[in-house]
Amino acid sequence: MSPHPHPRRRRLAFAAFVCVVAGVLMAMVIAGEAGVTATPAPASTRAAGPLPLAAEQQPAPPRGCRYRPRTTSVRSGPAGRRRVALTFDDGPTSYTSRILDLLEGERVPATFFVVGRKVAGREDLLLRMLRDGHMIANHSYAHVDLSKASAAALRQIDDTQDAIKAATGFTPCLLRPPYGRTSRKLLGALARRHLTGTLWSVNPRDFLRPGTAAISQRVLDGVRPGSIILAHDGGGDRSQTVAALPSIIATLKARGYTFVTVTELLVSA
Ligand SMILES: [Zn+2]
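Quick summary incoming for the structure in this document. (Residues numbered from 1 in each chain as written. Predicted model: local features only at pLDDT ≥ 70, side-chain atom pairs only at ≥ 80, totals over all residues.)

1. Remarks on the overall build of the chain
A count of helices and strands for the chain gives nine helices and seven strands. For the chain, buried positions account for 39% of its 269 residues. If you take every contact in the chain between residues at least 6 apart in sequence, the share linking residues at least 24 apart comes to 80%. (Helix = DSSP H or I, 4+ residues; strand = E, 2+ residues; numbered from the N terminus. Buried ≥ 20, exposed ≤ 12 C-beta atoms within 10 Å, placed from the backbone. Contact = placed C-beta atoms within 7 Å.)

2. Examining the environment of Ser-201
Within the fold, Ser-201 resides in the loop between β5 (196-197) and α7 (212-222). Overall, the presence of 18 C-beta atoms within 10 Å leaves Ser-201 in the partly exposed class. Between the C-alpha atoms of Ser-201 and Gly-226, which are 25 residues apart in sequence, the distance is 9.0 Å. Beyond its immediate stretch of four places on either side in the chain, Ser-201 contacts Arg-75, Ser-76, Ser-227 and Ile-228.

3. Looking at unusual backbone geometry
The step from Gly-91 to Pro-92 runs through a cis peptide bond, and the omega angle for that step is 0°. In the Ramachandran plot, Ala-149 falls in the positive-phi region, its phi being about 50° despite a non-glycine side chain. When you line up the elements, Ala-149 lands in the loop between β3 (135-138) and α5 (151-168). One non-glycine residue with positive phi stands out, namely Arg-209, at about 55°. Mapped onto the elements of the fold, Arg-209 is located in the loop between β5 and α7.

4. Points about the pairing of β3
The alternating pattern of β3 places Met-135 and Ala-137 and Ile-136 and Asn-138 on opposite faces, both of which are buried. With four bridges connecting them, strand β2 (residues 111-114) and β3 associate as parallel partners. Bridge assignment links Thr-111 to a residue of β3, and that residue is Met-135. Once the chain exits β2 it traverses helix α4 (residues 123-131) before rejoining the sheet at β3, and the crossover so formed is right-handed. (Pairing = 2+ DSSP bridges. Right-handed = clockwise from strand over helix to strand, strands pointing away.)

5. Here's the deal with α7
Turning to α7, its buried residues are Ile-215, Ser-216 and Val-219. Projection of α7 onto a plane perpendicular to its axis shows the buried side chains occupying an angular sector of 95°, all on one side. Facing away from the buried side of α7 by more than 90 degrees, the exposed set consists of Ala-213 and Asp-221. At its buried positions, α7 is contacted by β6 (228-232) and α8 (239-254). (Arc of directions from axis to C-beta.)

6. Let's talk about the nonpolar core
Judged by nonpolar contacts, the single largest core of 58 residues is most densely connected at Ile-136 and Ile-229. Considering each element in turn, this core owes the most residues, six residues, to α8. Sequence-distant contacts of Ile-136, defined by excluding residues within four places in its chain, comprise Phe-112, Val-114, Leu-126, Met-129, Leu-130, Ile-164, Thr-168, Phe-170 and Pro-172. (Core = buried A, V, L, I, M, F, W, Y, C linked by C-beta atoms within 7 Å.)

7. Points about the environment of Arg-218
Within the fold, Arg-218 resides in helix α7. For Arg-218, a count of 19 C-beta atoms within 10 Å translates into the label partly exposed.

In structure tokens:
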């Protein structure tokens, strides 16, 4: 047998090799194109409506939102550490972005109890909340008394979960009943939905607009380790609340408090 293959046979072998390489390359190109068509639409087309976001476009879920259904309302966290949870109800509104700016500057996380019907058109605010490390929670769809846990009340809860999920991809695990009105029946319904009823331990009654100094003083007088502070970013003119935040945050930091979301306060209990 000749030590070298016949020249013609060598050409045939080379042609076969080229065919195989070309076939592999074509398969790679087709697979690549399939990958491209599977990627989501660009941001400009998504911005038009509240389409569900693809998983890779959703902000990371807030820390600590574990499903720990409770059959009693939470009013505060453990008193062993100087931690406090700042909460805002009734948004999102035009005040929410001012509050988010302030919190971002102070590197303070908060918990926002959102009214479901206010989400449409303000999805960007909810997405920013998650990006900035805040917690989003449920405050009913139209700010109604949920305590009877009627079919209509349960729909308020579920519609708000759906609105928040559609806007952000995130499903809340906390619900604050409007007016603080709760019941055993409501708490049972919340537990079945993996929601924890969340009230508060410090209420400066900022919704009555008592003045910036009064809001700040009431919070500072009331805070203890583990406190959940009630404030409002919706439901009316909230400029006093916004103006009171810098002194509240600065004074509590000076007293050695760390701000956490409600779920962080609870899960590390
Ligand atoms: Zn409210």
